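Fold and geometry: a report
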Amino acid sequence: MLAALDIPIEDTSVISTELLSVLRRLTHEGFTSGQELAREFGWSRTTIHSLIRQAVELDVPVQAIRGRGYRLGRRVSWLEWDRLSDALGTLGYRVQLLPCCDSTNSRLLQQAAEGADHKSVLVTEWQHAGRGRRGRDWQGTLGGSLLFSVLWRFERPAGQLSGLSLVTGVALALALDGLGVGDARLKWPNDILLPAGKLGGILIELQGDMLEPASAVIGIGLNVDLSEALRSGVSQPVATLADGLGHVPDRNEVLVALLQRLDAALTQFDCEGFAPFKGEWEARHAHRDQPVAILGLAGRICQGMARGVDHDGALLIETDQGIRRILSGEVSLRAGMA
Ligand code: BTN
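Residues numbered from 1 in each chain as written. Predicted model: local features only at pLDDT ≥ 70, side-chain atom pairs only at ≥ 80, totals over all residues. Heavy atoms only, no water.

1. Side note on the site of the ligand
We apply this condition: To be near a molecule or strand, a residue needs just one of its heavy atoms within 4 Å of it. Any pair of nitrogen or oxygen atoms within 3.5 Å is treated as a polar contact; in protein, a donor-acceptor pairing is required on top of that, and neighbouring residues in sequence qualify only through side-chain atoms on both sides. Surface exposure here means Shrake-Rupley accessible area, sampled with a 1.4 Å probe, where a residue is shielded only by the protein chains that are shown. The numbering of helices and of strands both runs from the N terminus, where a helix is a DSSP run of H or I of at least 4 residues and a strand a run of E of at least 2. As a working rule, the residues Ala, Val, Leu, Ile, Met, Phe, Trp, Tyr, Cys and Pro are called nonpolar, Asp, Glu, Lys and Arg charged, and the rest polar, with Gly in that last group.
Within the structure, the ligand sits among 20 residues, and Ser103, Gln127, Arg131, Arg133 and Lys198 are positioned closest to it. One of the side-chain nitrogen or oxygen atoms of Lys198 is found 2.6 Å away from an oxygen atom of the ligand. For the ligand, whose free accessible area comes to 420 Å², the fraction covered by protein is 99%. Among the secondary structure elements, those contributing two or more residues to the shell around the ligand are helix H5 (104-113), strand S5 (145-157), strand S8 (197-207) and strand S9 (213-223). For the shell around the ligand, the leading source of residues is S8, giving four residues. The residue inventory of the shell around the ligand, partitioned by class, reads six nonpolar, ten polar and four charged.

Next comes the structure, spelled out in structure tokens:
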């Protein structure tokens, strides 16, 4: 049988279910021949070859040896909907797993507007238009990133959610502690750092007006095991969970641990606000008592010594004119200053 897939695959921005099926079938331990794959899936060897070529272009570590077939150059844990759903369903999460989408945040925002349930979670293996803060792109490695968004419908109005990204950071850092990654620090407002560089980022997008109960789409991107190509293409130092742990963890386990912590933290935040999280955030503050500059969208806002955070999550900067409350902006270290 020839499936409809027997056409050249040109568009590497689209990760198909077929590509993932073939990749899931490959192992690190032994080779699988193209013929065997073609027989199992009912596709031609040309199709199998095109899919493998697409995977290699996407930096998936597939090794091909003539006469033996294909294998993965290192172990990859693919996301598994039934495991995620079993573990997270008991907490009331409703999990969707997509092979590919533009951006889990964009997709979930759209679903939220159409009435999606509180605690809907959208996870994907690949985003072709992943978004970071301040209009930047967010890129991942196929099989080596966690890319997901959670819809949380709060009792609080948007005006009382200013500490949300900090609370999310605290929840992720606590979950990472539990997984054995010590030393996770937080950069205001919402980067997760390891000593080697940025491990992950958080993009929060709100729906609802300032006085009505608000909904938030909380998007999280975490580096689990990035390809060298991606690392070298990123302008800032990056860290991965594999670096932090000394081995590549199972991404399903990591995702479950993160969402468990997030559930407890967001529930508490909705009732009690940011106050119970302030101490933990400050204990992990990557720039505490260091000279920093804050850049706003329109240029430099101020410079001074980074201190703690205020009761609502605003960053406190000690300047020559006194303490300033920073509500938005990009923090960078001022090298060479004491
Ligand atoms: C940042 O540090 O700039 C925030 C990065 C947030 C990236 C995640 S990946 C999953 C979700 N979907 C997106 O398009 N962005 C967030």
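2. Quick notes on the nonpolar core
The cut-off we apply is this: Note on terminology: a nonpolar core comprises buried Ala, Val, Leu, Ile, Met, Phe, Trp, Tyr and Cys residues joined through side-chain atoms within 4.5 Å. Each residue is assigned to one of three classes by its accessible area relative to the maximum for its type, calculated with a 1.4 Å probe on protein chains only: buried under 20%, partly exposed between the two thresholds, exposed over 50%. Residue contacts follow a heavy-atom distance rule, with two residues in contact if any of their heavy atoms lie within 4.5 Å.
If you look at the biggest cluster of nonpolar residues, it comprises 60 residues, and the most contacted ones within it are Leu146, Phe148, Ile192, Leu258 and Leu259. Residue contacts for Ile192: discarding those within four places in its chain leaves Leu172, Leu176, Ala184, Arg185, Leu186, Gly197, Lys198, Leu199, Gly200, Ile202 and Leu222. Counting 23 residues, the second-largest nonpolar core is a separate cluster that includes Ile48, Ala55, Leu58 and Trp78.

3. Focus: the packing of helix H6 (residues 164-179) against helix H9 (residues 251-272)
Short version of the rule: Throughout, an axis means a line fitted to C-alpha atoms (over the contacting stretch in the case of helices), and angles, computed between N-to-C directions, take values from 0 to 180 degrees. Convention used here: angles under 35 degrees read as roughly parallel, angles over 145 as roughly antiparallel, angles from 65 to 115 as roughly perpendicular, and any remaining angle as oblique. Helix crossings fall into two classes, left-handed where the near helix is turned counterclockwise from the far one by less than a right angle and right-handed where it is turned clockwise.
Packing of H6 against H9 leaves a shortest axis separation of 8 Å and a crossing angle of 140°. As far as their axial angle goes, H9 and H6 are oblique. In this structure, the crossing between H6 and H9 has a hand that is right-handed. Residues Leu164, Val167, Thr168, Ala171, Leu172, Leu174, Ala175, Leu176 and Leu179 of H6 pack against Val254, Ala257, Leu258, Arg261, Leu262, Ala265, Leu266 and Phe269 of H9. In terms of residue class, the contact of H6 with H9 is made up of 15 nonpolar, one polar and one charged.

4. A closer look at the sheet that holds S9
As a reminder, the rule being used: Pairing between strands requires that DSSP locate at least two bridges from one strand to the other.
Pairing is mixed across the open sheet formed by seven strands, whose spatial order is S3-S4-S5-S9-S8-S7-S6. Two strands in the sheet have a free side with no partner beyond their single neighbour: strand S3 (94-98) and strand S6 (185-187). Pairwise comparison of adjacent strand axes, ignoring direction, gives a mean angle of 20° for this sheet. As paired strands, S6 and strand S7 (residues 191-194) are joined by three bridges and run antiparallel to one another. Residue Arg185 lies in a different strand from S7, and its bridge partner there is Leu193. In the packing of H6 onto the sheet, contacts are made with S5, S6, S7, S8 and S9, and the angle to S8 comes to roughly 140°.

5. Describing helix H4 (residues 81-89)
Which entries qualify depends on this criterion: Read the arc as the range of directions from the helix axis to the C-beta atoms.
Listed as buried for H4 are Leu84, Ser85 and Leu88. Projected onto a plane normal to the axis of H4, the buried residues spread over an arc of 95° and lie on a single side. In this fold, the buried residues of H4 make contact with S3 and H9.

6. What about the sheet that holds strand S12 (residues 315-319)?
The strands making up a sheet associate through backbone hydrogen bonding, with each pair oriented either parallel or antiparallel. Taken in spatial order, the five strands make up an open sheet running S13-S12-S11-S10-S14, and their pairing is antiparallel. Because the sheet does not close on itself, it has two edges, and the strands there are strand S13 (322-326) and strand S14 (330-333). Looking at each pair of strands side by side, their axes are set apart by 45° on average, direction ignored. The pairing of strand S10 (residues 291-296) with S14 spans four bridges and is antiparallel.

Note that all results are geometric; they support no functional claim without further evidence.
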